[in-house]
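Commentary on secondary and tertiary structure
Chain by chain, the residues run as shown.
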Amino acid sequence: MHAYRRLAGMTAVAIALACGGGGEAGEQAGAEGVPADGDMLVVGIGSDLDTMFPPTSESAGSSDVFGNVYWTLMRSEPDFIHFRPGLADSFSFNEDSLQVTFYIHPGITWHDGEPFTADDVVFAIGVCRAPEINYSAVSWLDHITNVEAVDSLTVRFTYDERYMYQVVDAVVCYPLPEHILGDVPFAEMANHPIAREPVGNGPFRFVSWSAGQEVVLEANPDFVLGRPHLNRITYRIIPDATNLATQIQNGEVDLFPRVTPPSLYPQFESDPDLVMHSYPGRSYTYLAWNTQDPIFQDKRVRQALTLASDRQALVDALLYGQGQVGTQPLISTIWAHDPTIQPWPFDPDSARALLEAAGWVDTDGDGVREKDGRRLSFTMKTNNDNRMRVDIVTVLQQQYQAVGAEVKPVTLEFNTFIEQLLAKDFQAAVAGWVVGIKAELAPTFGEGESFNFVSADDPELQRLLPEAEVTRDMEAAKALWSRAQRIIVDEAYYTFLFQLNDMHAIDSRFQNVDMNAYGWGFNIEEWYVPEGRQKYNVPLNPAPVVLGGDR
Amino acid sequence: MIGYILKRTLQAIPILLGASTLIFFLMHAAPGDPTSIYIRPDIDPIVIEQMRKNLGLDQPVHIQYVRWLSSFARGDFGFSFSQKRPIIDIIKDTLPNTLLLSSVALVIIFALGVLVGTIQAVRQYSWVDNVATVGAFFFYSMPSFWFGLMLILLLSYKFQLLPASQMTSVNFEFLPASDQWVDRLKHLLMPAMALGIGSAASVARYMRSGMLEQIRQDYVRTARAKGLSERVVIFKHAMRNALIPVITLLGLTLPFLVGGAVLIETIFAWPGMGRLIVTAIFQRDYPVVLAIAFVSSIMVILGSLIADILYSVVDPRVRVDEGEA
């Protein structure tokens, strides 16, 4: 185990730190054999990288790759509020917690041999802030008023206020090599050779990128925090899931990250050469109700249809058990998740009673309820490129028929679907959110917000959302988030369908693999293949990386 | 001949301009734009507005069109919104791959189609002809993507004879030079077969009927009466005339190969233009779609021109320079 893994995790929450709080580092998975250097990991990824220049990248798949070439000052633990060492060994808050100082590990160099210093951190923050860069997380830097290099190995961030995510915001921007980019205008950085031939500072070095074909990284033998065990990682771009499934089963590919469709899970699980990793992922699927629609203005209708939704059946049938019934918008990967909130039960009898209490009765015996001359018949929209969501609509159509509601499925091209959602041009819609690191509900449930397409307007909820976001005390904030979520659940703006597991299949020869909510590559620099089981003989290139040149 | 080529080239300019303009406005009429992928609750709408401004998407469509056209006319295809690099670099990466795949598929189509069609005609109503007829209809009616998947399951998964995707193996750079050629060929075989087999079946049908028509002609009977061997009669006399309808197919097949490659390139992870345009359409990467549409249009026009020129080669009665093609 490398030295940096022995250090305890550090909490990012100022208040907890003041009380001497801390956390444990990520748990290691069991391993067999003696750790050995060598071999190659072949990863099958669905799409090509957009860029390897971190500030302009918007693809999670790209950051999976360049996240091994570039490291951040601190690296997140799976709960996203505790940190493990990265390029910095540790950090500290000053007395009023308005400054955070990071202490960089001595001896780290860029892959071209130049030393990595605090100036590179300061430089990167300037790049991320430049309007020409279009850095999508630029608003995370809003509270940072100053970044200064105290000395070559110490960098200090100053904030305009104390808040919960001071460290998170400080480490979001990857340090960049000032000696290469210092003279390049911001507008030209995205097109600079470094965007496709990165010169990083992490455990793996860039070897090659053949567009649409593959990206190759190799172990950085000079990494002062410890050379990774694997000699190479080759990311093969394979868009077709059937082909990728074939390749992992015949051994051409070693890792199939984010296995989709879930129907592949039992197939891979029964393969003795593969190991499956499955854990709650960072996204959830929901059924949104347009509360401005005459049918769904009455929350009893929304509640009744939630009661009529057999969500466990969806998890069992569509996810092959690899998921959890949804309960709330702040899912289990976020610190503000409230495990005491129970999901609405599947109770068709109560659903029928609630609909009748709301005045919806089947008077003509056609199986569909009516009220004031209007039938309980509505459209349910989703995007046609997501097979699972189309299946959900079909299953719900059957389940709602049993309580006297008629669903008319409408499937749309993705951009059209999003446009109609944002325009509130829908009655019911099956969609999903990928949840970020921070607890935030205002964008989706705050009055007047563009993503509040369900038109959530409960007065208490609207008061709680901004209050919870600015509350610094973690326990107090948790209580506020819990109350807000209980209102959202009771109002049934959404029927929370499920939280899908992240599933990854990997060849059984790889040891010490720890995958978790942080991502499948959480400790990739510690993976190894015991000598007797190594498959590829790929030597390391001892020369440093030369930008735009041959090594 | 040169005059004819020049004339056709000049005629192509308004066609290319019209096609590109149509695609430009159709793309912009579709919902969403390249910043749609950024529409998420955790991204500030102000950031998205800044991106739209930086990309020039905040301008009216007609202004965007004029800007695009003026840079296009100067040979500047622009910058990819999604790949964040010059489009000319992307085309340099992908076009050779598509041409390689299409060329091999083309060889399979015509070599196999002409050979099978000729044998069928010569052995009309024999068991060889019957089997080939059934086979031709089977492959012709089979979608290429399905055939591709079946090939993967059979040749890659079941028998592990050929690699399932990509242009080279993961350890390509460590192979000796001679093995590198073999490796490339092995990766090319399945996608080229999947792309070409349906069209080869079609060519075989045309070839069979063309050849049957020719071998009943008086000049063939005369050739036989002169004592020429059957091989010379078939391959030197009859085949040349039987090829004329097949050459018509050649012109029509070139654009089909680019279109058909969309699915095949996706299934076999072949980094060509077909896969690129699909991704670009979904990501609303307007400049990439326009550039690829432009290159594809050129290939269509070029295919048609090649077919016309080949007519004159196989049929001296056709004189392209007199505009009689």
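Residues numbered from 1 in each chain as written. Chains lettered and ligands numbered in written order. Predicted model: local features only at pLDDT ≥ 70, side-chain atom pairs only at ≥ 80, totals over all residues.

A closer look at the overall build of chain B
Within chain B, the regular secondary structure consists of 11 helices and 0 strands. Starting at the N terminus, the α and β elements of chain B follow one another as α-α-α-α-α-α-α-α-α-α-α. Once the C-alpha set of chain B is aligned to its principal axes, its extents read approximately 85 × 55 × 40 Å. Looking at the 325 residues of chain B, the share that counts as buried comes to 37%. If you take every contact in chain B between residues at least 6 apart in sequence, the share linking residues at least 24 apart comes to 71%. (Helix = DSSP H or I, 4+ residues; strand = E, 2+ residues; numbered from the N terminus. Buried ≥ 20, exposed ≤ 12 C-beta atoms within 10 Å, placed from the backbone. Contact = placed C-beta atoms within 7 Å.)

A few points about the interface of chain A and chain B
A common way to express how large an interface is: the accessible area buried when the components associate. Across the contact, 46 residues belong to chain A and 43 residues belong to chain B. The element best represented in the side of chain A that touches chain B is helix 8 (residues 241-249) of chain A, accounting for 5 residues. When the residues that make up the side of chain A that touches chain B are grouped by side-chain class, the tally is 16 nonpolar, 20 polar and 10 charged. (Nonpolar A, V, L, I, M, F, W, Y, C, P; charged D, E, K, R; others polar.)

Notes on the pairing of strand 19 (residues 428-434) of chain A
Residue and element names in this part refer to chain A. Pairing of strand 13 (residues 274-289) with strand 19, which is carried by 7 bridges, proceeds in the antiparallel orientation. Paired with Y284 across the strands is W433, a residue of strand 19. By the bridge criterion, 2 bridges tie strand 17 (residues 377-383) to strand 19 in an arrangement that is parallel. Bridged to K381 within strand 19 is A429. (Pairing = 2+ DSSP bridges.)

Details of the sheet that holds strand 5 (residues 88-93) of chain A
What holds strands together in a sheet is hydrogen bonding between their backbones, with the strands either parallel or antiparallel. All names here are of chain A. Taken in spatial order, the 4 strands of this open sheet run 5-6-8-7, and their pairing is antiparallel. Two strands bound the open sheet, and with one partner strand each, they are strand 5 and strand 7 (144-151). Strand-to-strand, the axes of this sheet are offset by a mean angle of 20°, without reference to chain direction. Pairing between strand 6 (residues 99-104) and strand 8 (residues 154-159): 5 bridges, direction antiparallel. What sits directly across from F102, in strand 8, is V155. Lying on the sheet, helix 4 (residues 118-129) is in contact with strand 6, strand 7 and strand 8; it crosses strand 7 at an angle near 160°. (Axes fitted to C-alpha atoms, helices over the stretch in contact; angles between N-to-C directions.)

So, unusual backbone geometry
The step from A:T260 to A:P261 runs through a cis peptide bond, and the omega angle for that step is 0°. Relative to the helices and strands, A:P261 is located in the loop between strand 12 (255-256) and helix 9 (264-269). A positive phi is found at A:F80, a non-glycine position, where the angle reads about 65°. For A:F80, the position within the fold is in the loop between strand 3 (74-76) and strand 4 (82-85). Unlike most non-glycine residues, B:A269 shows phi in positive territory, near 50°. Here B:A269 is to be found in the loop between helix 9 (230-267) and helix 10 (273-282). C-beta crowding within 10 Å serves as the criterion here: with 26 such atoms nearby, B:A269 is assigned to the buried category.

Observations concerning the nonpolar core
Counting 150 residues, the largest nonpolar core has B:V203 and B:I292 as the members making the most contacts within it. Apart from the residues within four sequence positions on either side, B:V203 is in contact with B:I109, B:F110, B:G113, B:V114, B:G117, B:V246 and B:L249. (Core = buried A, V, L, I, M, F, W, Y, C linked by C-beta atoms within 7 Å.)

Considering helix 16 (residues 459-470) of chain A
All names here are of chain A. Restricting attention to buried positions, one finds in helix 16 the residues L461, L464, L465 and A468. Projected down its long axis, helix 16 shows its buried positions confined to an angular sector of 110°, all on one face. In helix 16, the exposed residues that point more than 90 degrees away from the buried face are P459, R463, P466 and V470. For helix 16, the elements touching its buried residues are helix 15 (442-445) and helix 17 (474-491). (Arc of directions from axis to C-beta.)

Things to note about the environment of B:V220
Looking at the secondary structure, you find B:V220 in helix 8 (residues 218-225). Each C-alpha atom, one on B:V220 and one on B:E230, is 9.9 Å from the other, the two residues being 10 residues apart in sequence.

A few points about the confidence of the model for chain B
Summing up the model confidence of chain B, the mean pLDDT is 86 and the portion of residues at 70 or higher is 95%. Overall fold confidence for the complex sits at a pTM of 0.87, while the interface term, ipTM, reaches 0.82. (pLDDT = per-residue confidence, 0-100.)

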